[in-house]
Amino acid sequence: MHLSRSPPLTLISYHTGNDNNNSPSSHFEIIPLPDPPVVARPSAAMKFKTDICFPHIHIVASCNGSVLLSNYSSSNDLVIVCNPLSDHHVILPKPPKLAPLQAEKSVGFGFGYSPATDLYKVLRFTNRLGFDIYTIGIDVGWRSIDTGLPPILFTTNFVFLNGFLHWLGLRNAWLICYFDMEKEQFGSFPLPSHIGCNCRCLEVVDNQLYIHNEHLGEWRFWAMKDYGDFGSWTLEWVIEAQITYRFKGFVRPLKMLKDGTLLMMFNNSFLQTYAGKTTLTSYNPETRVLKEIKFCGILPASVADVPCFPPMDALK
């Protein structure tokens, strides 16, 4: 009933602490993102208790309303897929242990879905070009796969769109790398030179790929208007440095609202992770006002997704 009356896009966060008996407890919070945003009245969160209660784990990705949690630890890797609404979850086998040189802040995860096979898959990567994959409900352990690509420096987290995981890479010039979830094949294509350098993140906004880059404190947001058309990159928003100076960290565009306002999730972590504190902001290009949207309570690291109940066969 709550979801039927709420906007489809929400923020999903994971919380741990102690209950009234001082026993460890945890829960997910789901916060609706109204359109237009209500700045004067804080948005209320819906809480969903969970049996998942491990220290130092964070939400690192999401897909179709389910979330991927990990503790980023190379010595005790913990990877969990969970649906916050039902608390149905799967604890994945431990990934292969990394070599010492690989373990230094170089681990990332992607989470996606293959519509053709109705399977969810988790991809782990390192900046040493090591990739491991796990198919939920099929694999008994992680499989190592070869990219077939020349060495590329990975600079962002994965985002999922149209059956592919995407991320930004750097090899002499900026690239968008992708992974086909069905065929388990890698590929890449270059970014147009006019987008420039200092690309900070790759996101999906309204079913389009978006790139955020910065130049002398100015935020620029580029959209691939037609998926797969490399000539369709369009500069959608520019936010001047005199407006953005109060916000330091990583900015992730979320959604364009009905009135043209851009909704963004700001993370004060200077790492390409979801480990920092999250702030929700909105920017109106007509008034040139960038403002914070308040919430009840503290909003930790979050992902934006549409809560739903996926078929249990897909997350078994």
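Before any of the text, the structure's been laid out above.
From a predicted model like this one, the values you see are computed outputs, not experimental measurements.

What counts, and where the lines are drawn
Residues numbered from 1 in each chain as written. Predicted model: local features only at pLDDT ≥ 70, side-chain atom pairs only at ≥ 80, totals over all residues. Heavy atoms only, no water. Helix = DSSP H or I, 4+ residues; strand = E, 2+ residues; numbered from the N terminus. Buried < 20%, exposed > 50% of the residue type's maximum accessible area, 1.4 Å probe, protein only. Contact = heavy atoms within 4.5 Å. Areas by Shrake-Rupley, 256 points an atom, 1.4 Å probe, with all protein chains shown as cover. Pairing = 2+ DSSP bridges. Axes fitted to C-alpha atoms, helices over the stretch in contact; angles between N-to-C directions. Core = buried A, V, L, I, M, F, W, Y, C linked by side-chain atoms within 4.5 Å. Polar contact = N/O pair within 3.5 Å; in protein donor to acceptor, adjacent residues only side chain to side chain.

(A) Examining the overall build of the protein more closely. A tally of helices and strands in the protein yields one helix and 25 strands. Classification of the 316 residues of the protein by burial places 52% in the buried group. In the protein, the proportion of contacts linking residues at least 24 apart, taken out of those at least 6 apart, comes to 46%. With an accessible surface of roughly 14,800 Å², the protein has 53% of that area assigned to carbon and sulfur atoms.

(B) A look at the sheet that holds strand S18 (residues 208-215). Taken together, the four strands give an open sheet; going across it, the order is S17-S18-S19-S20, and neighbouring strands pair in antiparallel fashion. Edge positions in the sheet fall to strand S17 (199-205) and strand S20 (233-239), since each has one partner strand and no second. Along the sheet, successive strands turn relative to each other by an average axial angle of 25 degrees, direction set aside. Sheet topology note: the strand S19 (residues 218-224)/S20 ladder contains six bridges and is antiparallel. Across the sheet, residue Arg 220 finds its bridge partner in S20, namely Val 238.

(C) Region of the structure containing unusual backbone geometry. Of note, Asn 207 is a non-glycine position whose phi angle comes to about 65 degrees, a positive value. Note on Asn 207: relative accessible area 64%, which makes it exposed.

(D) View of the pairing of strand S2 (residues 24-32). Relative to S2, strand S1 (residues 10-18) runs antiparallel, the two being bridged by nine bridges. The residue of S2 that forms the bridge with Asn 18 is Pro 24. Where S1 folds back onto S2 in an antiparallel hairpin, the turn is made up of five residues, including Asn 22, whose phi is positive at roughly 65 degrees. Summarising the sheet, S2 and strand S3 (residues 46-49) pair through four bridges and their orientation is antiparallel. Within S3, the residue paired with Ile 30 across the bridge is Met 46.

(E) Spatial organisation of the nonpolar core. Core analysis: the largest hydrophobic core is formed by 16 residues, its most contacted members being Leu 68, Leu 92, Phe 111, Val 122 and Ile 136. Of all the elements in the fold, those that place two or more residues in this core are strand S4 (58-63), strand S6 (79-82), strand S8 (107-114) and strand S9 (119-126). Discounting chain neighbours no more than four positions away, the residues touching Val 122 are Leu 68, Val 79, Val 81, Leu 92, Phe 109, Gly 110, Phe 111, Asp 132, Ile 133, Tyr 134, Ile 136 and Trp 142.

(F) Representation of the sheet that holds S9 within the structure. Pairing is antiparallel across the open sheet formed by four strands, whose spatial order is S8-S9-S10-S11. One side of each edge strand has no neighbouring strand; the edge strands of this open sheet are S8 and strand S11 (143-145). Taken pair by pair, the neighbouring strands of this sheet meet at an average axis angle of 30 degrees, ignoring direction. Here S8 pairs with S9 via eight bridges, running antiparallel. Across the sheet, Ser 114 pairs through a bridge with Leu 119, a residue of S9.

(G) Fine view of the side chain of Glu 214. The residue Glu 214 is located in strand S18 in this model. Side chain to side chain, Glu 214 and Trp 219 meet in a polar contact 3.4 Å long. Contact partners of Glu 214, with chain neighbours within four places excluded, come to Cys 197, Asn 198, Arg 200 and Trp 219.

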